[in-house]
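The residues making up each chain are set out below.
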Amino acid sequence: MTVSSYLKEIADNAVLSVAEKDSIVRSEVALKERLGSHFGADIKKQFRFGSYDRGTILPRVMDQNSDVDYMIVFESGFRPQTYLDKLRRFVDGWYTKSQISQSHPVIKLELNHIRFELVPAIETFFYGLSIPKKDGTEDSWISTDPKDANSLLIKKNGENNYLIKPLVRLVKYWNACNGYVYDSFVLETEVLTYDYSYLGFFPPKDLKNCFFEFMKSRPELWQPQRRTERVQKAKKIIGEVRSLEKSGQWAAAEEEIRKLIPPVGVVSRRSLLG
């Protein structure tokens, strides 16, 4: 197996199984029914969005922080914390306390197979959908379009030989293996906005080179120390892999890349973070 085929295999397998999808759908149906029963006409609409819809969510075996984003659009008129409190009382009444936590601006509902992040929202004529600002220092709303990232991914993926969606999954797996040195959504956005074409005209043809180029582009200056250390380690391994491939040492190159992107379930988290 070459480095290219190994990375492609990891990315191709970084998808939810049929059983995982079925479990999530059943939980989502129950959640929707319970929200409707609890809030009635106070909810204008509710829907799933985020990495699950984009097809970039990782299985729990690859990312213990995988979650499904779920937006609940209320009739407007209150502060964000008011709606977060409403959602907290809802989950307190329908789910066990051990399953629930709040992390501004969402309510986290932890189930056996997946975590739902419940996001309150309001909708206005001029600003469209708004959600609580992520910075908890200010209890205010910020405009959002939950479908923006979906459109960007579709466009970017098509322009780059359909390599970007598997690349997102590969990069997110690297991030999970390294203790989440990046916010997952921010990292995914950076993958989508990076230019992988040659001289702006020729799209990439290989997932390996897309992954290497993106990782080599990661900044090291003015970054948190742990992030800088992980990025430097990644760049060092990539340099060694390229050197081994150049000299025709294909097996050694594959062994080296496994230090950066380990086989799923083979290497313990302790050794990955060591």
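Predicted model, so just to flag it, every value in this text is computed and none were measured. (Residues numbered from 1 in each chain as written. Predicted model: local features only at pLDDT ≥ 70, side-chain atom pairs only at ≥ 80, totals over all residues. Heavy atoms only, no water.)

**Some remarks on the packing of helix α5 (residues 148–159) against helix α7 (residues 184–193)**
Running from N to C, α5 and α7 cross one another at 35 degrees; their axes reach a closest spacing of 10 Å. In the crossing of α5 with α7, the sense of the turn from one axis to the other is left-handed. For the pair formed by α5 and α7, the contact residues are Ala149, Leu152, Leu153 and Lys156 on the first element and Phe185, Leu192 and Thr193 on the second. Split into classes, the residues belonging to the contact of α5 with α7 amount to 5 nonpolar, 1 polar and 1 charged. (Axes fitted to C-alpha atoms, helices over the stretch in contact; angles between N-to-C directions. Helix = DSSP H or I, 4+ residues; strand = E, 2+ residues; numbered from the N terminus. Left-handed = near helix turned anticlockwise from the far one by under 90°. Contact = heavy atoms within 4.5 Å. Nonpolar A, V, L, I, M, F, W, Y, C, P; charged D, E, K, R; others polar.)

**Points about the pattern of salt bridges**
The tally for this structure, following the rule as stated, stands at 19 salt bridges. Among the salt bridges present, the one from Lys155 reaches Glu159, with a minimum N-O distance of 2.7 Å. Taken together, the positions of Lys155 and Glu159, both in helix α5 and 4 residues apart, correspond to about one turn of that helix. Note on Glu159: relative accessible area 42%, which makes it partly exposed. Of the charged contacts, one joins Glu245 and Lys208 as a salt bridge, the two residues approaching to 3.0 Å between their closest N and O atoms. Remark: Lys208 occurs in helix α8 (residues 207–216) and Glu245 occurs in helix α9 (residues 225–246); sequence separation between them is 37 residues. A residue is classified by how much of its surface remains accessible, and Glu245, at 14% relative accessible area, is buried. Each member of the salt-bridge network shares a partner with another, and the members are Glu28, Arg48, Asp53 and Lys147. (Salt bridge = Lys/Arg side-chain N within 4 Å of Asp/Glu carboxyl O. Buried < 20%, exposed > 50% of the residue type's maximum accessible area, 1.4 Å probe, protein only.)

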